[in-house]
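Now for the letters of each chain:
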Amino acid sequence: MANRRSKAREYALLSLFPQFLEGSNASDSLEYLFDERKPGEAVREFARELLEGVLEHQVSLDERIASSLDTWPFERLGNIEKTILRIAVYELMHCPATPPSAILNEAVSLSEEYATPDSTRFVNGVLANIARKE
């Protein structure tokens, strides 16, 4: 069974992805997930923190990700990979109590579950590069 913070990251991903893809409201999506799955308050709080933080800092997160891609254009990233990276980079930059290794492991787990097989190594490499610089 996944821990509370893992579930919160997954809920944030499942709520942010449709907003970035088609413009749906991420906060409404998150509340819908809460109604359907009934997580505890700790999961709700952390999922909201991640969602709100990613939305508030999206421009700086995207810039940080883009600067770590070397020759790969940010625009060519898949939406699910962008969303996973945004959540993880938000945590790296704004949640100092969380160990970077845990953030990277969680992002890799999300990419294994929701992205393509090649995405896992890519996400790990980008985040390792960013974590080294933080």
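Residues numbered from 1 in each chain as written. Predicted model: local features only at pLDDT ≥ 70, side-chain atom pairs only at ≥ 80, totals over all residues. Heavy atoms only, no water.

Visitor: So what's going on with the overall build of the chain? Which residues, and what values?
Guide: For the chain, the helix and strand inventory stands at seven helices and zero strands. In the chain, the order of α-helices and β-strands from amino to carboxyl end is α-α-α-α-α-α-α. What you see for the chain is a C-alpha radius of gyration of 14 Å, in line with the 14 Å of a compact globule of 134 residues. Expressed as lengths along the three principal axes of its C-alpha atoms, the size of the chain is roughly 40 × 30 × 30 Å. Among the 134 residues that make up the chain, the fraction classed as buried is 48%. Sequence separation of at least 24 residues holds for 68% of the intrachain contacts in the chain that already meet a minimum separation of 6. When the accessible surface of the chain is summed, it comes to about 7,200 Å², and 48% of that surface belongs to carbon and sulfur atoms. Side-chain charges of the chain comprise 15 positive and 22 negative groups, with the mean position of each set lying 4 Å from the other. (Helix = DSSP H or I, 4+ residues; strand = E, 2+ residues; numbered from the N terminus. Rg over C-alpha atoms; globule rule 2.2 N^0.38 Å. Buried < 20%, exposed > 50% of the residue type's maximum accessible area, 1.4 Å probe, protein only. Contact = heavy atoms within 4.5 Å. Areas by Shrake-Rupley, 256 points an atom, 1.4 Å probe, with all protein chains shown as cover. Lys, Arg positive; Asp, Glu negative; His and termini not counted. Charge placed at Lys NZ, Arg CZ, Asp CG, Glu CD.)

Visitor: Any chance you could break down the environment of Q58 for me, citing the residues and the numbers?
Guide: Examined against the element boundaries, Q58 turns out to sit in helix α4 (residues 58-67). Q58 sits 28 residues away from R86 along the chain, and the two C-alpha atoms are 7.3 Å apart.

Visitor: For the packing of aromatic side chains, give the residues involved together with the corresponding values.
Guide: Summed over the entire model, instances satisfying the criterion amount to two aromatic pairs. Across the ring face of F46, the terminal group of R5 is positioned such that the distance to the ring centre comes to 3.8 Å. We note R86 situated over the ring of F20; from NZ or CZ to the ring centre the distance is 4.2 Å. (Phe/Tyr/Trp six-rings, centres within 6.5 Å; stacked < 30°, edge-to-face > 60°. Lys NZ or Arg CZ within 6 Å of the ring centre and 35° of its normal.)

Visitor: So what's going on with the packing of helix α1 (residues 4-22) against helix α6 (residues 100-114)? Residues and values would help.
Guide: Where α1 contacts α6, the axes come no closer than 11 Å and their chain directions differ by 55 degrees. In terms of their interaxial angle, α1 and α6 are classed as oblique. Between α1 and α6 the crossing geometry is right-handed. Packed against α1, whose contacting residues are S6, R9, E10, L13 and L14, the element α6 presents E106, L110 and Y114 at the interface. Class assignment of the residues belonging to the contact of α1 with α6 gives a composition of four nonpolar, one polar and three charged. (Axes fitted to C-alpha atoms, helices over the stretch in contact; angles between N-to-C directions. Parallel < 35°, antiparallel > 145°, perpendicular 65-115°, else oblique. Left-handed = near helix turned anticlockwise from the far one by under 90°. Nonpolar A, V, L, I, M, F, W, Y, C, P; charged D, E, K, R; others polar.)

Visitor: Report on the nonpolar core, specifying residues and quantitative values.
Guide: L16, I65 and L127 are the most contacted members of the largest nonpolar core, which has 40 residues in total. For this core, the leading source of residues is helix α5 (residues 79-94), giving eight residues. When residues no more than four places from it in sequence are discounted, the contact partners of I65 are F74, L77, L85, R86, V89 and I130. (Core = buried A, V, L, I, M, F, W, Y, C linked by side-chain atoms within 4.5 Å.)

Visitor: Can you lay out the environment of A115 for me, pointing to particular residues and giving the numbers?
Guide: Summarising the element assignment, A115 is placed in the loop between α6 and α7 (117-133). Each C-alpha atom, one on A115 and one on N79, is 9.4 Å from the other, the two residues being 36 residues apart in sequence. Not counting chain neighbours up to four residues away, the residues in contact with A115 comprise I80, E81 and L110.

Visitor: Residues and numbers for α1, please.
Guide: In a regular helix each residue adds 1.5 Å, so 19 residues correspond to 27 Å; α1 covers 28 Å between its end C-alpha atoms and thus fits that length. Buried within α1 are the following residues: S6, A8, R9, E10, Y11, A12, L13, S15, L16, P18 and F20. Those residues of α1 hidden inside the fold are in contact with α2 (26-37), α3 (41-56), α4, α5 and α6. For α1, the side-chain oxygen to backbone nitrogen distance between the N-cap and R5 is 3.0 Å, and the N-cap itself is N3. Taken from the residues just after α1, G23 is the one with a positive phi, measuring 85 degrees. (Expected span 1.5 Å × (residues − 1). Polar contact = N/O pair within 3.5 Å; in protein donor to acceptor, adjacent residues only side chain to side chain.)

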